[in-house]
Every structure is written in structure tokens, then in C-alpha cells.
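# Working through the structure, step by step
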Amino acid sequence: MSHLLPTYARVDLAFERGEGAWLVATDGTRYLDFTGGVAVNALGHAHPALVAALREQADKVWHVSNLFRIPEAERLAARLCDVTFADLVFFCNSGAEALEGAIKLTRKYHAANGQPERYRIITFEGAFHGRTLATLAAGGQKKYLDGFGPPVDGFDQVPFADLEAVKAAIGPQTAGILVEAVQGEGGVRSMPPATLRALRELCDTHGLLLAFDEVQTGLGRTGSLFAHQRAGVTPDVMGIAKALGGGFPVGAFLATAEAAKGMTAGTHGSTFGGNPLAMAIGNAVLDVMLAPGFLEEVERKALLLKQRLAEIKDRHPAVIREVRGEGLLLGLACVVPNDRMVAALRDEKMLAVGAGDNVVRLLPPLVIGEAEIADAIERIDRAATRLAQESAASSQSTPKLEGIKG
């Protein structure tokens, strides 16, 4: 009997070690990992640069609290600002915390401007921003909100990518717009670049802050360092996490100095945020990702994988209806139930994760090789072939009802 709270429908599978794109189960079976801790293990498992950074820092100091300066945090913040729109960074421990901070900053900005009544944030259907009470309300998904009492007030949800609905939702209490450039949990749905640019214009016109949730898309996942950069859009605040620590828990929200002007001493905090261990690893992640040619290589491999997946879709139209996504955040929109596809892939010793809209997410490490991409395609092909055969057999065995003659 497990004493863990049963909030996860866990697969009966455990791993003892990993290397690159591979995980080794406790029984010695090797699995090709296209889940990546749900976009966390961006540099794969046991990346030598991250292991070295952790070991070196572990021998120095783990935790001192934010009562004191943390040089590695200051260095990581400066590097993030150098490669983004931001002037300031706050470090925390998770994506949900990063989005909570972005929400607080958005509200506080207007309070600092003498307009505390402006606290409402426009969000989009299908979004997933975290599991805290506020981020659940921002996401607005009933299945996650049920049973937790009244949703936190202050969020106005509109249909995905519906600009007219956004315009209609803007009122005297509106503080900002919160958006994912690509909805991961929501089914690997990409927000059109023109829509993102229009959101920026609406925010400028109405004095709103534009907040991006880049928890899943950030740090190279879409082929650019951040997904909003692909659309040529500059946010006012952004939440990141997942890949920033390469597997070590770390999150952050970044903002312009103007947007962050209300976040003065005492307005926000985190016990563990910015701790020396996390910061050492975050800097090691940037060392790898900012190296010349790294992101270009991600783009190249992403194009290769997407082309090969398109071949699989064409070969198995009874199983896969569409290939979606940007970079190495890809989705197979399925005809069969997506949980069957995930299970079929697991039978082929490949790990993938489901998403909304009956999608299977493929999230390989950004360092994946061409041989591993070819291996993955073979496993997906075998899984799809078996599912197609099962579907055909099932349809043939279903008896047809004859019409009743009077």
C-alpha cells in the first residue's frame, strides 16, 4: 500500500536511472523518453554539465534564504534579462508559483498607478496555468475546479484565439491578458502569431499588461529561446519554469521595470526561491542553451521529426488525424482515444503523455539525436499499426442491425 495521496493515476512503472533520451526501469527495461518529465528534462537525463554544476554547488552551500544576497541568482537573473525583454526577475520553485507571481504583479501594477479596481485578467479556454487556487481559476477548467469552492475572482475567459471576444471582455476593471503561445495541456494548440500581435496592440491601446505563460514553451522547446519571440511580440511579464532547471525544481517570473514597479520590498516572497542549488543548475542550463548553434540544431531536428510524423499520419489515418505543434513540442491529434495511443507506445517501450483535445504530446529532449528520432518513428509506426488493426477488427466484429420489416 502506498502512503502517497492518490491524486495521480500513476502507471505501475518506476525508473532507476537515465541518460540522454533514455530511461531505465527498475527491472532493467530501457524506454525512449518522449515525456521528459512533461517538458522538464529539456537537456535529457544526467546531462554532464548539470550533474557537474549540482555536485560542485552541493559541496558549497545549499540554502541561505533571501535575507542575503545570492550571487548565482543575480547572475542568472542578469543573463535572463540579457536574452529577453525583461529588466527584473523573481525566482520561485514551480510554474504555478511563477504564474501566481505574474498575476500578483499584474494587479499590483494598476494599484501602484492609483487604479486598484483594475484587477481582472482575460484568459483563454483550454489554458492550463497551474494547480493553485488562483491559477486554476485562470485556467477555468471545470474538471480541475470542481469541489474546491468558489473560484478565485478576477478572471474572464474567452474562446481560444477569439479576438472579438477579447475586445468585448475588456472593461474598466481589466488589468491584463494572460496567454500561452502554444497550449500544451490544452492539446498542443498554437495561438496564431497575428493574434498574439493583436493582443499586444490591445494591451497598448487600453493600458493593460500582456502576460505570457511560457512554463512549457520556454527555454528552447519551440526552437526559439521563448515562444513569443517567434511571433515578434514583447510581453510585459512572463512566467517560466520546467526546462529552466533541467529537472531541478525552479521557476521564475520576468518583467519590465515599468510593469514591476508595484512589487516593492515585502510585496512578495519565497522561502526556497533562488536557492544556490537551483541557481547553479539554471546557469548551467543557460550555458548549454545559449551556446552557438544550439537553438538552430533544435529547429533542424524538430523539422525532421515533424516531417517523419506527417508520414506516419498519412500511413495511419484511422489512428492519427493531425500533427501539431512548434519545435519539439509536438502533438498527435488522435482518432482513437489518446490514452490507447499512450499505452500502445508504452508497449513499444516509448513514453509519451496525453493532452486535451484527444492529443498525445511528444516532448523529447532538445539534445535528441537523429538516430533516436528514427527509432521513435519506428516505435510510433508499430503502435499505430497495431491500433489500426485492432480498430479494424473491432469494426468487423460489431454486428449490424437489420431493418425490421413490417
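Residues numbered from 1 in each chain as written. Predicted model: local features only at pLDDT ≥ 70, side-chain atom pairs only at ≥ 80, totals over all residues. Heavy atoms only, no water.

Per an unreviewed UniProt entry, the chain is named Acetylornithine aminotransferase, and its organism is Rhodoplanes serenus. Per UniProt, the chain has the following entry under Sequence similarities (unreviewed entry): "Belongs to the class-III pyridoxal-phosphate-dependent aminotransferase family. ArgD subfamily." One UniProt comment on the chain, placed under Subunit (unreviewed entry), says "Homodimer." (UniProt positions renumbered as here; feature names shortened; annotations may be inferred.)

### Observations regarding helix H8 (residues 193-206)
An ideal rise of 1.5 Å per residue puts 20 Å on 14 residues; H8 measures up with 20 Å between its terminal C-alpha atoms. The complete set of buried residues in H8 reads Thr195, Leu196, Ala198, Leu199, Arg200, Leu202 and Cys203. Where H8 is buried, its residues contact strand S5 (120-124), helix H7 (163-169), strand S7 (174-179) and strand S10 (209-213). Gly207, located one to two residues past H8, shows a positive phi value of around 70°. (Helix = DSSP H or I, 4+ residues; strand = E, 2+ residues; numbered from the N terminus. Expected span 1.5 Å × (residues − 1). Buried < 20%, exposed > 50% of the residue type's maximum accessible area, 1.4 Å probe, protein only. Contact = heavy atoms within 4.5 Å.)

### Describing the UniProt feature "modified residue: N6-(pyridoxal phosphate)lysine" (unreviewed entry) in the chain
Mapped onto this numbering, the UniProt entry annotates "modified residue: N6-(pyridoxal phosphate)lysine" (unreviewed entry) at Lys242. Among residues more than four places away in sequence, those in contact with Lys242 are Val38, Ala39, Val40, Val215, Gln216, Gly247 and Val250. From its side chain, Lys242 meets the backbone oxygen of Val38 in a polar contact 2.9 Å long. (Polar contact = N/O pair within 3.5 Å; in protein donor to acceptor, adjacent residues only side chain to side chain.)

### Here's the deal with a nonpolar patch on the surface
A cluster of nonpolar side chains, namely Val61, Val64, Leu67 and Phe68, defines an oily patch on the protein surface of about 400 Å² accessible area. Within the secondary structure, Val64 is located in the loop between helix H2 (48-58) and helix H3 (71-82). The exposure class of Val64 is partly exposed, given its relative accessible area of 33%. (Patch = residues over 30% accessible without salt bridge, like charges linked within 9 Å, V, L, I, M, F, W, Y side chains within 5 Å. Areas by Shrake-Rupley, 256 points an atom, 1.4 Å probe, with all protein chains shown as cover. Salt bridge = Lys/Arg side-chain N within 4 Å of Asp/Glu carboxyl O.)

### Thoughts on the pattern of salt bridges
Two side chains bearing opposite charge may form a pair once their charged atoms approach each other closely. Following the criterion strictly, the structure yields 26 salt bridges and no others. The partner of Arg324 in a salt bridge is Asp357, with the nearest N and O atoms 2.7 Å apart. Taken together, the residues Arg324 in strand S13 (residues 320-326) and Asp357 in the loop between strand S16 (353-355) and strand S17 (359-362) connect sequence positions 33 residues apart. Several salt bridges converge on common partners, so that one network encompasses Arg321, Glu322, Arg324 and Asp357.

### Considering the packing of aromatic side chains
Within this structure, the stated rule accounts for three aromatic pairs. Between Phe90 and Phe253, the aromatic rings sit 5.2 Å apart at their centres with planes inclined by 20°, giving stacked as the arrangement. Pair noted here: Phe90 is in strand S4 (residues 88-92) and Phe253 is in strand S12 (residues 251-255), with a separation of 163 residues, a long-range link. A relative accessible area of 4% means that Phe253 is categorised as buried. Sitting above the plane of the Trp22 ring, Arg30 keeps its charged end 4.3 Å from the centroid. (Phe/Tyr/Trp six-rings, centres within 6.5 Å; stacked < 30°, edge-to-face > 60°. Lys NZ or Arg CZ within 6 Å of the ring centre and 35° of its normal.)

### Side note on the sheet that holds S7
Strand order in the open sheet formed by seven strands is S4-S12-S11-S10-S7-S5-S6, and the pairing between neighbours is mixed. Each edge of the open sheet is held by one strand with a lone partner, namely S4 and strand S6 (155-158). Direction aside, neighbouring strands of the sheet carry axes that sit 20° apart on average. (Pairing = 2+ DSSP bridges. Axes fitted to C-alpha atoms, helices over the stretch in contact; angles between N-to-C directions.)

### With respect to the sheet that holds strand S14 (residues 329-334)
As summarised here, the arrangement of the four strands in space is S13-S14-S17-S16, forming an open sheet in which the pairing is antiparallel. Whereas interior strands pair on both sides, the edge strands pair on one side only; in this sheet they are S13 and S16. Taken over all neighbouring pairs, the strand axes of this sheet differ in orientation by 30° on average, direction set aside. Sheet topology note: the S14/S17 ladder contains four bridges and is antiparallel. Each residue of the ladder has a partner; that of Leu332, found in S17, is Val360. Contacts between helix H10 (residues 294-315) and the sheet are confined to S13, S14 and S17, with S13 contributing the most and set at about 170° to the helix. The sheet contacts of helix H11 (residues 338-347) involve S13, S14, S16 and S17, and relative to S17 the element is tilted by about 40°.

### Comments concerning the nonpolar core
Considering soluble globular proteins, one finds that nonpolar side chains tend to be buried as a cluster. If you look at the biggest cluster of nonpolar residues, it comprises 87 residues, and the most contacted ones within it are Met341 and Leu362. Looking at this core element by element, the count peaks at eight residues for helix H9 (residues 276-289). Those residues in contact with Leu362 that sit more than four places away from it in its chain are Phe34, Leu309, Leu328, Leu329, Leu330, Leu332, Met350, Ala352 and Ile380. Membership of the second largest hydrophobic core comes to 21 residues, among which are Leu99, Ile103, Ala137 and Leu178. (Core = buried A, V, L, I, M, F, W, Y, C linked by side-chain atoms within 4.5 Å.)

### Observations regarding the pairing of S12
With respect to burial, S12 is a largely interior element, five of its five residues being buried. A two-sided burial pattern is seen for S12, the buried positions comprising Gly251, Phe253 and Ala255 on one face and Ala252 and Leu254 on the other. Alignment of strand S11 (residues 237-240) against S12, held across four bridges, turns out to be antiparallel. Across the sheet, the residue bridging to Gly239 is Phe253, located in S12.

### Structural notes on the packing of H2 against H9
In the contact formed by H2 and H9, the axes pass within 9 Å of each other and the chain directions differ by 150°. It follows from the interaxial angle that H2 and H9 lie roughly antiparallel. Seen along the crossing, H2 lies across H9 with a hand that is right-handed. Along its contact with H2, which presents Ala49, Leu50, Ala53, Leu54, Gln57 and Ala58, the element H9 presents Pro276, Leu277, Ala280, Ile281, Ala284, Val285 and Val288. Among the residues making up the contact of H2 with H9, the classes are represented as 12 nonpolar, one polar and no charged. (Parallel < 35°, antiparallel > 145°, perpendicular 65-115°, else oblique. Left-handed = near helix turned anticlockwise from the far one by under 90°. Nonpolar A, V, L, I, M, F, W, Y, C, P; charged D, E, K, R; others polar.)

### Side note on the UniProt feature "binding site: pyridoxal 5'-phosphate" (unreviewed entry) in the chain
Taking the numbering used here, the UniProt-annotated feature "binding site: pyridoxal 5'-phosphate" (unreviewed entry) corresponds to Gly95, Ala96, Phe128, Asp213, Glu214, Val215, Gln216 and Thr271. Their sequence span is 177 residues, while the largest C-alpha to C-alpha distance among them is 24.9 Å; these annotated residues do not converge on one region. Relative to the helices and strands, Asp213 resides in strand S10. With sequence-adjacent residues up to four places away left out, Asp213 is seen in contact with Leu99, Phe128, His129, Leu178, Val179, Glu180 and Gly239.

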